[in-house]
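Architecture at a glance
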Amino acid sequence: MTDPLDDLDRDILHRIARYDPPPPDLDERVLFALALTGLEDEVARLAESAAPAARAGERARTITFDATSRTVMITVLERPDGLVRLDGWLAPVAALTVELRLPSPAPARTVTADESGRFVLDGVPHGLAQLVIHGTPRVVTPSLLL
Amino acid sequence: MWSDAELGTLLERARDGDRESLRELVRALNPVLWRVARGQGLGTEDAADVVQTSWLELLRRLHEIRTPRAVTAWLITTTRREAWHRQQRARRDVPDGGIAVEAAVDTEPAPDERLMTDERDRVLWRHFQVLSQRCRDLLRVVAQVDRPDYTVIAEAFGMPHGSIGPTRSRCLAKLRAALLADPVWGAS
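Residues numbered from 1 in each chain as written. Chains lettered and ligands numbered in written order. Predicted model: local features only at pLDDT ≥ 70, side-chain atom pairs only at ≥ 80, totals over all residues.

Moving on, we get to the overall build of chain A. Counting its regular elements, chain A contains two helices and twelve strands. Going residue by residue from the N terminus, the α and β elements of chain A occur as α-α-β-β-β-β-β-β-β-β-β-β-β-β. Expected size for 146 residues packed as a compact globule is a radius of gyration near 15 Å; at 19 Å, chain A overshoots this value by more than 25%. When its C-alpha atoms are laid out on the principal axes, chain A stretches across 65 × 40 × 30 Å. Expressed as a percentage of the 146 residues in chain A, the buried residues total 31%. Restricting to contacts in chain A with at least 6 residues of sequence separation, those with at least 24 account for 45%. (Helix = DSSP H or I, 4+ residues; strand = E, 2+ residues; numbered from the N terminus. Rg over C-alpha atoms; globule rule 2.2 N^0.38 Å. Buried ≥ 20, exposed ≤ 12 C-beta atoms within 10 Å, placed from the backbone. Contact = placed C-beta atoms within 7 Å.)

Our focus in this paragraph is helix α2 (residues 19–39) of chain B. All names here are of chain B. The first and last C-alpha atoms of α2 sit 29 Å apart over 21 residues, in line with the 30 Å expected at 1.5 Å per residue. At Asn30, α2 shows its strongest bend, of approximately 40 degrees, with the proline Pro31 following within four residues. The element α2 is largely enclosed, with a buried count of 15 among its 21 residues. Downstream of α2 by one or two residues, Gly41 has phi in the positive range, about 90 degrees. (Expected span 1.5 Å × (residues − 1). Bend = angle between axes of the 7 residues up to and from the residue.)

All names here are of chain A. Among the seven residues in strand β10 (residues 128–134), five count as buried, and that is most of the element. Sheet topology note: the strand β7 (residues 97–101)/β10 ladder contains five bridges and is antiparallel. Within β10, the position partnered with Val98 by the bridge is Ile133. As defined by bridge partners, β10 adjoins strand β11 (residues 139–140) across two bridges and the pair is classed as antiparallel. Note on β11: the bridge partner recorded for Val132 is Val140. Between β10 and β11, which follow one another and run antiparallel, lie four residues. (Pairing = 2+ DSSP bridges.)

This part takes up the nonpolar core. All names here are of chain B. In terms of nonpolar packing, the biggest core is built from 74 residues, with Leu25, Leu29, Val32, Leu33, Ala37 and Val51 touching the most fellow members. Element by element, the count of residues in this core is highest for α2, at ten residues. Domain assignment of the residues forming this core places at least three in each of domain 1 (1–95) and domain 2 (111–182). Sequence-distant contacts of Leu29, defined by excluding residues within four places in its chain, comprise Thr72, Leu75 and Val152. (Core = buried A, V, L, I, M, F, W, Y, C linked by C-beta atoms within 7 Å. Domains from an automatic or database assignment.)

Our focus in this paragraph is the interface of chain B and chain A. On the chain A side, the residues contacting the 37 residues of chain B number 32 residues. Broken down by secondary-structure element, the contributors of at least two residues to the side of chain B that touches chain A are α2, α3 (44–61), α6 (119–129), α7 (133–144) and α9 (161–180) of chain B. Of the residues belonging to the side of chain B that touches chain A, the class tally is 19 nonpolar, eight polar and ten charged. (Nonpolar A, V, L, I, M, F, W, Y, C, P; charged D, E, K, R; others polar.)

Below, the structure is given as C-alpha cells:
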C-alpha cells in the first residue's frame, strides 16, 4: 500500500497542486451546461473562436459551434455600458427559437431567428451562458463565458 | 479514495436527477479529465471546453453505460479523443505552425510565475521537470484531489491499478531525495 505522507510530502504536493490546477470555475461551468441538457439533445462543439477584433472603439469576438445538424455562429460585442450584444446566425438557415440560458435566478432570454437565420440578443450580462437552439433535434452548446 | 461502489452510488443518484450527487461526481473526476486534456497540449480555454463537451456527451449516453468503471473509462477516452481532434484542428488552422509550436511547449505547462512565491517553489519546479512523464502526471493529479481514485488514474494514464500506489511513492521519494540533496532547498 501507499506509505503515509509526512510534512515534507504534504508540502511538496501542496506546491505541485498550484502548477496547473483546473480553472476554479470548471466544475460550475460543467454543472451549468449539464443542468438543462437532456438525452435527446445534440451537443455543439466549439469550432472556432476568433480573437477580439477592434471595431470603432468596441471589442468583438466571433465564436462558432458545430453540431451534426447545425452550425451556430455568434459575434459577442462589448457594449460601453458593460453589457454585451450577441449577433447570431444559424446554418442551415431556419427561423427557430433560440434560447440563451443564464445562471439562476436570471430568467432565460428567448428570441426567434429571422428567415435568414439571424438573431440578436442584446443587453446580456457578462458571465456564464448557454445557447439552446430549439430545432429537431434540439442543439445545446457548452457553457460560454461572456 | 473513491471506491467503485461509492462512484456507483453517485452515478445512480445522478441518473435519477440528484444534483448534489452529480456535483460530487463532477468534482471527483474533473481534475483527472483536466490533466488528460492538458496532456494533449491544449490551452486552458480549450481544455476547459473539451472537459465540458465530454460531460455533455456523457449525459446522452448515461442510459447505455451502466457501471461506474465504464462511465469513468468513457469520460476519459472521450476527453482524450476530443482533445486530440481539437489539437489537430488548431495545427491545421495555422499554416505557419505558430500555434503548433506554442502548443507543443504547452504540454508541460509552467506554473504561473506569480505563484512561485519562494525559492523552494523554484527549486521544486526544477527537480519536478526532470521526473518522468508518468511521475509528473501522477503527482499533479494526486496533488489536486483529496481522495484520488486509483481506478480513474489507471484508466487515464494507462497504468495497472496495482502499480499506482507504489509508483506514487517512488516518484515522491525521488523528488524528496533530489530536494534534500539540493543546497538551495536546505538553505531556504
